[in-house]
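Residue-level listing of the chains:
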Amino acid sequence: MQRFYDFIRRHPTGVDILWAVLLLGFSGVSIVTDQIGAGLERVAGVPIAVGLSVVVALRRRFPERMLLLAILMGLAQLALGVRPDVADFAMLVITYTVATVGERWASRLALGCSLAAAGISRLRWPDDAPYGGWAQSLGYVVIMTVPFVLAWVLGDSIRTRRAYFSQLEERAARLEREREAQSKVAVAAERARIARELHDVVAHNVSVMVVQADGAAYVMDSSPDQARQALETISGTGRQALAEMRRLLGVLRTGDAQEGGEYVPQPDVEQIEELVGKVRETGLAVDFRIEGTPRPLPSGVELTAYRIVQEALTNTRKHGGPDAGASVRLVYFDDGLGLLVEDDGRGAPHELYEDGGADGAGQGMIGMRERVGMVGGTLDAGPRQGGGFRISALLPLKPAEQ
């Protein structure tokens, strides 16, 4: 049954043609049986029936033209004295059609003709009605007019409903486009922010290398051991700077990076404990644990871990509720750093994490994903079983191959 319904929806004109053929057949039978003695009416009734059948067949493709054709056939009936028969059902159909999909002028014209058709027919053929008094005639006209008015009202109601749903669909599509545009802007802004921070990391490492190189040159002759130690520091710092530079090249830079001034080191893993302490001072209970053996990490990894914890705790503080608690766990693996931040509060809507940062500095989940993706890690975030929110990240110690 559903397939048959789908077929009808895909071929509306074919269905109308089928109904038009049936209408023409019934009209032909009516002409032969009811108008045998009326020569002119019988002959003129054939083209009129054909014209009204065409109205039904093409009503959806050319509603305004078919309305005019129906009016022309009606006028021909009045002029030639062809009494109303089965074919005049097409006028009821075209009234509904133009009220649904036609132009406004056509809809109004159809309504006017519908109100006048029964009265004109009564005046043209006064002997056709079963009652002779004026009151009975008026009742007859009203009864014959009601179906046309109802058809127009139904069609106009469907037009209004379709227009309403069309506006809703257009609004939804516009909001979706705006959402995508805002998401792209947020990604670009967050990448620019990440790039600026990495830029500072690389600049700080290079500054350290310059200072160590100057020191090594100064003590090269007097203290070779110190010079050797300085060169080792330069070597390690240079490798780290190159690793961060590879990450930096993968991030979109904007033109508002720092120019001039002193480049300072960005937050690292060691400052997470200090961050947790500051959050505790605001009244949020935070459990902080470190598992595994702490060791030096690439600056990009440390910065990413710090920003994720900062964003997660800020969201918990602002949206977790007065009795919320949080836990932060850092796990040092052989080849990566695991990060788990959970809270048991009521949580913010997930759209907040997707669309914007909690404190206005970052961009929520967009920023977390960009940062984790930058270091080649993985991120899993979502509602926590039993209530609250959970963020889990795995950050590799080696930069991804470019």
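Residues numbered from 1 in each chain as written. Predicted model: local features only at pLDDT ≥ 70, side-chain atom pairs only at ≥ 80, totals over all residues. Heavy atoms only, no water.

Colleague: Which residues make up the overall build of the protein, and what values do they have?
Modeller: The number of helices and strands found in the protein is 12 helices and five strands. Counting over 402 residues, the protein shows a buried share of 40%. Considering only intrachain contacts with a sequence separation of at least 6, the fraction spanning at least 24 residues in the protein is 73%. Total accessible area on the protein is roughly 23,100 Å²; 59% of this is exposed by carbon and sulfur atoms. (Helix = DSSP H or I, 4+ residues; strand = E, 2+ residues; numbered from the N terminus. Buried < 20%, exposed > 50% of the residue type's maximum accessible area, 1.4 Å probe, protein only. Contact = heavy atoms within 4.5 Å. Areas by Shrake-Rupley, 256 points an atom, 1.4 Å probe, with all protein chains shown as cover.)

Colleague: Help me get a handle on a nonpolar patch on the surface, residues and values and all.
Modeller: There is a patch of nonpolar side chains on the surface, built from Leu18, Trp19, Leu22, Phe26 and Val86 and spanning about 530 Å² of accessible area. For Trp19, the location among the structural elements is in helix α2 (residues 12-34). A relative accessible area of 52% means that Trp19 is categorised as exposed. (Patch = residues over 30% accessible without salt bridge, like charges linked within 9 Å, V, L, I, M, F, W, Y side chains within 5 Å. Salt bridge = Lys/Arg side-chain N within 4 Å of Asp/Glu carboxyl O.)

Colleague: Help me get a handle on the pattern of salt bridges, residues and values and all.
Modeller: Summed over all chains, the structure comprises nine salt bridges. Of the charged contacts, one joins Asp156 and Arg104 as a salt bridge, the two residues approaching to 3.0 Å between their closest N and O atoms. Linking Asp156 in helix α7 (residues 134-219) with Arg104 in helix α6 (residues 104-124), this pair joins segments that are 52 residues apart in sequence. Accessibility expressed as a relative area gives 17% for Asp156, which makes it buried. In this structure, Asp287 engages Arg289 in a salt bridge whose closest nitrogen and oxygen atoms are separated by 3.7 Å. On the basis of relative accessible area, Arg289 is assigned to the partly exposed category, the value being 43%. Each of Glu342, Asp380, Arg384 and Arg390 takes part in one network of salt bridges that share partners.

Colleague: Explain the layout of surface pockets to me, using residue names and the numbers behind them.
Modeller: Of the pockets and cavities examined, the largest pocket occupies roughly 760 Å³. Taken together, 31 residues line the largest pocket, and the ones lying closest to its centre are Asp88, Met91, Ala117, Ala118 and Phe148. Elements with a contribution of two residues or more to the lining of the largest pocket: α4 (63-80), α5 (89-101), α6 and α7. For the lining of the largest pocket, the element with the highest residue contribution is α6, accounting for nine residues. Taken together, the residues of the lining of the largest pocket break down into 22 nonpolar, five polar and four charged. Along its surface, the second largest pocket is lined by 15 residues, and Asp16, Arg59, Arg60, Tyr96 and Thr97 are the ones closest to its centre. (1 Å grid on protein atoms, 1.4 Å probe; cavity = no way out; pocket = protein on both sides within 12 Å on 5 of 7 lines; lining within 4 Å. Points joined across faces, edges and corners; volume = space filled by probe spheres on them. Nonpolar A, V, L, I, M, F, W, Y, C, P; charged D, E, K, R; others polar.)

Colleague: Before we move on, can you summarise α5 with the specific residues and values?
Modeller: The end-to-end C-alpha separation of α5 is 19 Å, in line with the 18 Å expected for 13 residues at 1.5 Å each. Restricting attention to buried positions, one finds in α5 the residues Ala90, Met91, Val93, Ile94, Thr95, Thr97, Val98, Ala99 and Thr100. (Expected span 1.5 Å × (residues − 1).)

Colleague: I'd like a rundown of the packing of aromatic side chains, residues and numbers included.
Modeller: Applying the stated criterion across every chain, the model contains one aromatic pair. Where Tyr164 meets Phe165, the ring centres are 5.7 Å apart and the plane angle is 65°; that geometry is what we call edge-to-face. (Phe/Tyr/Trp six-rings, centres within 6.5 Å; stacked < 30°, edge-to-face > 60°.)

Colleague: An account of the packing of α4 against α6 is needed here, citing residue identities and associated values.
Modeller: Following both chains from N to C, one finds α4 and α6 inclined at 15°, their axes separated by 11 Å at the closest point. Looking at the two axes, α4 sits roughly parallel to α6. Viewed along their axes, α4 and α6 form a crossing whose handedness is left-handed. For the pair α4 and α6, contact is made by Glu64, Leu67, Leu68, Ile71, Leu78, Ala79 and Leu80 and by Trp105, Ala106, Leu109, Ala110, Cys113, Ile120 and Arg124, respectively. Considered class by class, the residues forming the contact of α4 with α6 number 12 nonpolar, no polar and two charged. (Axes fitted to C-alpha atoms, helices over the stretch in contact; angles between N-to-C directions. Parallel < 35°, antiparallel > 145°, perpendicular 65-115°, else oblique. Left-handed = near helix turned anticlockwise from the far one by under 90°.)

Colleague: Explain the pairing of strand β2 (residues 325-332) to me, and be specific about the residues and the numbers.
Modeller: The buried fraction of β2 amounts to six of the eight residues, a majority that puts the element mostly inside the structure. One ladder, built from seven bridges, connects strand β1 (residues 285-291) with β2; its direction is parallel. Paired with Val286 across the strands is Ala326, a residue of β2. After leaving β1, the chain enters helix α10 (residues 299-319) and then returns to the sheet as β2, a path that is left-handed. Bridge count between β2 and strand β3 (residues 336-343): seven bridges; the pairing is antiparallel. (Pairing = 2+ DSSP bridges. Right-handed = clockwise from strand over helix to strand, strands pointing away.)

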